[in-house]
Amino acid sequence: MTQPYAEVIGDPIAHSKSPLIHGFWLKALGHDADYRICHVTPAGLADYFEARRTDPAWRGCNITVPHKIAALDHVADPGGIRATIGAINTVARDEQGVCFGTNTDAAGFYAPIAGVDLSTASVVVIGAGGAARAVLFALSRIGVGHVTILNRNVLKAAGLLASFGLKGAALPLGAPLPPAALLVNASSLGMIGQSPLVIDLSPLPADAIVYDLVYAPLETPLLAAARARDLDTVDGLEMLIGQAALAFEILFGIEPPRDDDDSLRALLA
């Protein structure tokens, strides 16, 4: 019998730590399955799903930039993700052989800050892509106050605020930060191979939290600048591991062992 497998797709994809995470859990459980990297370009996305949906060993995939929105066009959407978050990060195949998409990013994003009262807080989000959609969805569910989105395309950012029912403002990248309790970088800025994120954190109050979804490098210039100001920080591994744990259960039908997260973080770092 062919060994079952899942994989992560994206463009670029070499930086992905998902194989390390899922491989760590599969080994710890002694589960006979594999997890791989697969480079898929936007032009090849339709062919990728066409080939995988007929592969009996394929359990599904995780999805990273730039496919989180486009992948919705190639799979079923039983949970209505298109109408809510508007982006998926996990695709699996059900018992009838139907490929369906879901999103574990929102829950993975929220888990590290679940104990923080943000019910009326001001929040700044950088970016307006698939990851930002998951962040905004989570923020809309906890009922934050004013949300400012910084993005190259201001109209796109304004549309996202409206679609998630959030009160706030859309500003261009490079605009001065407003005071905020939480700053989230949900863009690829600062990632290895991408443009740096240049931003002045001085408007943030002393009790603000700076959360960078980028995990390659783990110590981004944004987090370094936040720590230099003694601000609380959340790095990209927090969300990465959290969303991966949910995806692992969907893909392999078994809960990952979370009692050795410290060793996993050490491996990833």
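**Observations regarding the packing of helix α1 (residues 18–29) against helix α7 (residues 236–252)**
What describes two packed helices is the angle between their axes and the distance between those same axes. Two elements in contact, α1 and α7, have axes separated by 10 Å at closest approach and are oriented at 55°. If you check the angle between α1 and α7, you find them oblique. Crossing geometry of α1 relative to α7 is assigned as right-handed. Contacts between α1 and α7 involve S18, I21, H22, W25, L26 and L29 on the former and, on the latter, L240, I241, A244, A245, F248 and F252. For the contact of α1 with α7, the class distribution of residues is ten nonpolar, two polar and no charged.

**What about the nonpolar core?**
Within the largest apolar cluster, 52 residues are counted, with the highest numbers of intra-cluster contacts made by F49, F109 and L182. Counting residues per element, this core draws most heavily on helix α4 (residues 130–142), which supplies eight residues. Residue contacts for L182: discarding those within four places in its chain leaves F109, I113, L118, S122, V123, V124, L139, I209 and Y211.

**Here's the deal with the sheet that holds strand β2 (residues 34–39)**
Read across the sheet, five strands follow the order β2-β1-β3-β4-β5 without closing on themselves; strand pairing throughout is mixed. If you trace the sheet from one side to the other, it starts and ends with β2 and β5 (99–102), each paired once. Direction aside, the axes of adjacent strands within the sheet are offset by 25° on average. Two strands pair when backbone bridges link them, and strand β1 (residues 5–10) and β2 are joined in this way by six bridges, in the parallel orientation. Following the sheet pairing, V8 is matched in β2 by I37. The strands that α7 touches are β1, β2, β3 (58–63), β4 (90–93) and β5; relative to β4, the one it contacts most, it runs at about 15°.

**Some words on the state of the cysteines**
Per the counting criterion, the structure on display carries zero disulfides. A disulfide-free cysteine, C38 has its sulfur positioned 8.7 Å from the sulfur of C61, the nearest such atom. Given a relative accessible area of 15%, C38 falls into the buried group.

**Side note on the pairing of strand β7 (residues 147–150)**
Residues V147 and I149 point to one face of β7 and T148 and L150 to the other, with burial holding for every one of them. In the sheet, strand β6 (residues 123–126) pairs with β7 via four bridges, with the strands oriented parallel. Counted as the bridge partner of V124 is T148 from β7. Each parallel crossover has a hand, and the one from β6 via α4 to β7 is right-handed. In the sheet, β7 pairs with strand β8 (residues 168–171) via four bridges, with the strands oriented parallel. Note on β8: the bridge partner recorded for V147 is G168. As a crossover connection, the stretch from β7 through helix α5 (residues 154–163) into β8 is right-handed.

Conventions and cut-offs
Residues numbered from 1 in each chain as written. Predicted model: local features only at pLDDT ≥ 70, side-chain atom pairs only at ≥ 80, totals over all residues. Heavy atoms only, no water. Axes fitted to C-alpha atoms, helices over the stretch in contact; angles between N-to-C directions. Helix = DSSP H or I, 4+ residues; strand = E, 2+ residues; numbered from the N terminus. Parallel < 35°, antiparallel > 145°, perpendicular 65-115°, else oblique. Left-handed = near helix turned anticlockwise from the far one by under 90°. Contact = heavy atoms within 4.5 Å. Nonpolar A, V, L, I, M, F, W, Y, C, P; charged D, E, K, R; others polar. Core = buried A, V, L, I, M, F, W, Y, C linked by side-chain atoms within 4.5 Å. Buried < 20%, exposed > 50% of the residue type's maximum accessible area, 1.4 Å probe, protein only. Pairing = 2+ DSSP bridges. Disulfide = S-S within 2.5 Å. Right-handed = clockwise from strand over helix to strand, strands pointing away.

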